[in-house]
Amino acid sequence: MDLPIYLDNNATTPMDPRVLDAMVPYFVQKFGNASSRNHAFGWVAEEAVDYAREQVAQLIGANEKEIIFTSGATESDNLALKGVFEMYKEKGNHIITMVTEHKAVLDACKHLEKLGARVTYLTPKPDGLIDLEQLVAAMSQETILVSIMYGNNEIGVIQPVKEIARIAHSFGALFMTDATQAVGKIPVNVIEDGIDLLALSGHKMYGPKGVGALYVRRKNPRVKVTAQMDGGGHERGMRSGTLNVPGIVGLGKACELGRLEMHEDAVRLSALRDKLEAALTQLEESYVNGNREHRLPHTTNISFKYVEGEGLMMAMKDLAVSSGSACTSASLEPSYVLKSLGLSDDLAHSSIRFGLGRFTTEEEVDRAIEVTRNAVTHLRELSPLWEMFKEGIDLDSIEWAEH
Amino acid sequence: MAYSDKVIDHYSNPRNVGTLDKSSNKVGTGLVGAPECGDVMRLQIEVDENNVIKDAKFKTFGCGSAIASSSLATEWLKGKSIDDAMKIDNMDIVEELALPPVKIHCSVLAEDAIKAAINDFRIKNGLAPIESEKVHH
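Below or above, wherever it landed, is the structure these notes cover.

The rules behind these values
- Residues numbered from 1 in each chain as written.
- Chains lettered and ligands numbered in written order.
- Predicted model: local features only at pLDDT ≥ 70, side-chain atom pairs only at ≥ 80, totals over all residues.
- Heavy atoms only, no water.
- Helix = DSSP H or I, 4+ residues; strand = E, 2+ residues; numbered from the N terminus.
- Rg over C-alpha atoms; globule rule 2.2 N^0.38 Å.
- Buried < 20%, exposed > 50% of the residue type's maximum accessible area, 1.4 Å probe, protein only.
- Areas by Shrake-Rupley, 256 points an atom, 1.4 Å probe, with all protein chains shown as cover.
- Lys, Arg positive; Asp, Glu negative; His and termini not counted.
- Charge placed at Lys NZ, Arg CZ, Asp CG, Glu CD.
- Pairing = 2+ DSSP bridges.
- Right-handed = clockwise from strand over helix to strand, strands pointing away.
- Salt bridge = Lys/Arg side-chain N within 4 Å of Asp/Glu carboxyl O.
- Axes fitted to C-alpha atoms, helices over the stretch in contact; angles between N-to-C directions.
- Core = buried A, V, L, I, M, F, W, Y, C linked by side-chain atoms within 4.5 Å.
- Contact = heavy atoms within 4.5 Å.
- Phe/Tyr/Trp six-rings, centres within 6.5 Å; stacked < 30°, edge-to-face > 60°.
- Buried area = accessible area lost by both parts, 1.4 Å probe.
- Nonpolar A, V, L, I, M, F, W, Y, C, P; charged D, E, K, R; others polar.

Thoughts on the overall build of chain B
Alright, step 1. Within chain B, the secondary structure is distributed over 5 helices and 3 strands.
Alright, step 2. Its helices and strands in sequence order give chain B the pattern α-β-β-β-α-α-α-α, from N to C terminus.
Alright, step 3. By the compact-globule yardstick of 14 Å for 137 residues, chain B fits well, its C-alpha radius of gyration being 14 Å.
Alright, step 4. Expressed as a percentage of its 137 residues, the buried residues of chain B come to 55%.
Alright, step 5. Of the accessible surface of chain B, which amounts to about 5,800 Å², a share of 50% is contributed by carbon and sulfur atoms.
Alright, step 6. Side-chain charges in chain B split into 16 positive and 21 negative, and the spacing between the mean points of these groups amounts to 5 Å.

Description of the pairing of strand β2 (residues 67-70) of chain A
The side chains of a regular strand alternate between both faces of the sheet.
All names here are of chain A.
Alright, step 1. Of the two faces of β2, the one carrying I67 and F69 and the one carrying I68 and T70 are both buried.
Alright, step 2. Two strands pair when backbone bridges link them, and β2 and strand β8 (residues 212-216) are joined in this way by 4 bridges, in the antiparallel orientation. Pairing of I68 across the sheet is with L214, part of β8.

So, the pairing of strand β6 (residues 174-178) of chain A
Residue and element names in this part refer to chain A.
Alright, step 1. Of all 5 residues in β6, 5 are buried; the element is thus mostly enclosed.
Alright, step 2. Alternating residues of β6 divide into L174, M176 and D178 and F175 and T177, and every residue in both groups is buried.
Alright, step 3. Judged from the 3 bridges that link them, strand β5 (residues 143-147) and β6 form a sheet pairing that is parallel. Among the inter-strand pairings, V146 is bridged to a residue of β6, identified as F175.
Alright, step 4. In this fold, β5 hands off to helix α6 (residues 161-170), which returns the chain to β6; that crossover is right-handed.
Alright, step 5. As defined by bridge partners, β6 adjoins strand β7 (residues 197-201) across 3 bridges and the pair is classed as parallel. Bridged to M176 within β7 is L197.

Focus on the pattern of salt bridges
Alright, step 1. Applying the stated rule across the entire model yields 30 salt bridges over all chains.
Alright, step 2. The salt bridge involving B:K87 is made with B:D84; its shortest N-O contact spans 3.4 Å.
Alright, step 3. Linked by salt bridges that have partners in common, A:D16, A:R18, A:E261, A:D265 and A:R358 make up one network.

Observations regarding the sheet that holds β8(A)
Residue and element names in this part refer to chain A.
Alright, step 1. Strand order across the open sheet formed by 7 strands is β2-β8-β7-β6-β5-β3-β4, with mixed pairing between neighbours. Sheet topology places β2 and β4 (118-122) at the edges, where each strand pairs with a single neighbour. On average, each strand axis in the sheet is inclined to that of its neighbour by 20°, with strand direction left out of account.
Alright, step 2. For strand β3 (residues 94-98) and β4, the ladder comprises 5 bridges, and the chain directions are parallel. By the bridge assignment, H94 is partnered in β4 with R118.

Things to note about the nonpolar core
Alright, step 1. Ranked by size, the top nonpolar core spans 63 residues in total, and within it A:F304, A:L312, A:M316, A:F354, B:I45 and B:L77 carry the most contacts.
Alright, step 2. Looking at which element gives the most residues to this core, the answer is helix α5 (residues 104-124) of chain B, with 10 residues.
Alright, step 3. Not counting residues within four places of it along the chain, the set of residues in contact with A:F354 comprises A:L7, A:L276, A:L280, A:H298, A:T299, A:T300, A:I302, A:M316, A:L319, A:V321 and A:T372.
Alright, step 4. Within the second largest apolar cluster, 52 residues are counted, among which are A:A45, A:A48, A:A138 and A:I148.

Observations regarding the environment of A:L338
Alright, step 1. Within the fold, A:L338 resides in helix α10 (residues 336-340).
Alright, step 2. For the pair formed by A:L338 and A:D21, sequence separation is 317 residues and the distance between their alpha carbons is 39 Å.

Thoughts on the sheet that holds strand β12 (residues 322-323) of chain A
In a beta sheet, neighbouring strands are held together by backbone hydrogen bonds and run either parallel or antiparallel to one another.
All names here are of chain A.
Alright, step 1. As summarised here, the arrangement of the 4 strands in space is β9-β10-β13-β12, forming an open sheet in which the pairing is antiparallel. Unpaired on one side and paired on the other, β9 (286-288) and β12 mark the two borders of the sheet.
Alright, step 2. Where strand β10 (residues 299-304) meets strand β13 (residues 351-355), 5 bridges bridge the pair, whose relative direction is antiparallel. Within β13, the position partnered with I302 by the bridge is I352.

Concerning the packing of aromatic side chains
Residue and element names in this part refer to chain A.
Alright, step 1. In this structure the tally under the stated criterion is 5 aromatic pairs over all chains.
Alright, step 2. Centroid distance Y306 to W386: 5.9 Å. Interplanar angle 55°. Geometry classified as tilted. Of this pair, Y306 sits in the loop between β10 and α9 (309-315) while W386 sits in helix α13 (residues 384-390), and the two are 80 residues apart along the sequence.
Alright, step 3. Judged by relative accessible area, W386 falls into the buried class, the value being 13%.
Alright, step 4. Three or more aromatic residues link up through ring pairs in this structure, and these residues are Y306, W386 and F389.

Some details on the interface of chain A and chain B
Alright, step 1. Every contact between the two is made by 29 residues of chain A and, on the other side, 30 residues of chain B.
Alright, step 2. Contact between chain A and chain B buries roughly 2,600 Å² in total, counting both sides, with carbon and sulfur atoms accounting for 67%.
Alright, step 3. Counting across the interface, chain A meets chain B through 3 salt bridges.
Alright, step 4. Between B:K59 and A:E387 there is a salt bridge whose closest N-O contact spans 2.9 Å.
Alright, step 5. Secondary-structure elements contributing two or more residues to the side of chain A that touches chain B are α9, α11 (345-349), α12 (362-382) and α13 of chain A.
Alright, step 6. The class makeup of the residues in the side of chain A that touches chain B is 15 nonpolar, 7 polar and 7 charged.

The structure is reproduced here in structure tokens:
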């Protein structure tokens, strides 16, 4: 077994070798500019892009004309939010999103606030899911866009997008979703789900980095976004810039593989994830964060009380995982997603995210269980908080010297 | 972020982990930090009749650098007089463990824990606590 074991597939996935095979010819041999209309080099590139566009569209139940290629989900989120605001601001200036969104959405919203947008940031229920009644209460005639992610990157919860879309539409607003973690992992269908705009990324689904797409609905209703990058008018005028042909070919192939293998992957990975989770929650004072029923099949986020996440990760150096603790920053701020679930700071500091992927094996999961168990046990022996807990001291009764 | 070999060594084989009898007059206990900040250190010293620290123990909730800083502190404290122990500076710890700037607060916490333990010992024995006016680097 190669060490460390990669269990951080929500951050990025390794590329599927089949994706690389599909991309290789488009670097040296078929290097044409897809916009070159007057020679074979351009036609070959354009054909490859068109084919990839169909592959992407098919995965999410869209028409290929509705796919805009971008540099990744961050750009797609920015284009959707800023583009919709600019296009529809005469109609209203209100946008609704959630505090658990990715920074690409939150920071784009912060930017729009400076340009006159009013943004409502909904707090999730303690299980990470949106409170639909709160959403309805926040909606108004001024609301032009509701932007709620499909599956959460940190805790994996899947939001009830169909219901959210229905509510948004009943108020005449558009519904956008950042589906970076969901597309290619679970069935996503823009028609059935009622999605007007959707952001996706290549490197979260075994495709290349630096490429993604934005789905923009063309009918019922026809959605328009104002371009945020000016230039040659590529991508139906919504995103200028020479197309990243090898990247797009790779994204297309990744989408095709996702469509064909998603079910099999999901069944296998959820079984492995459940095994990991069952073993680790046998440790005393360990808690799974977020709703366990409506959840991506490959993700679990567990807090191990009385041990600190970064120290824990160091003891788990044979595993590549992610922690809810950010002790490296000056602010010592733990994960805002976990905090919004109502977790106390210390519990948020004590959390580890395990993100399984297509290439994770059962042997690796077994090893991960052993490593994590040993690490938690070791650090609890070192932890004054664990000792106090064992002595029955209420930690909240202590006056901590904050620094 | 890469940890230095010394941090890894102290983290993997922490010295002097444990608990001294905090009700004893010979023992001073310093508990610093806060769970919500992601680090809590408890450092204890046992002082003999000559004001020399004959034993030191710690337990730390925190990152690798915090654990290493407190482990190193206990090593340094053993055999030192109280007066010399007061002179341990957080920058000595930074230097010894090659802590990067984002981890300097771990060394500050260790220094605070030493001073808190000494003051706890002093108060228990009817002495006034020593106010530290040092500005941390």
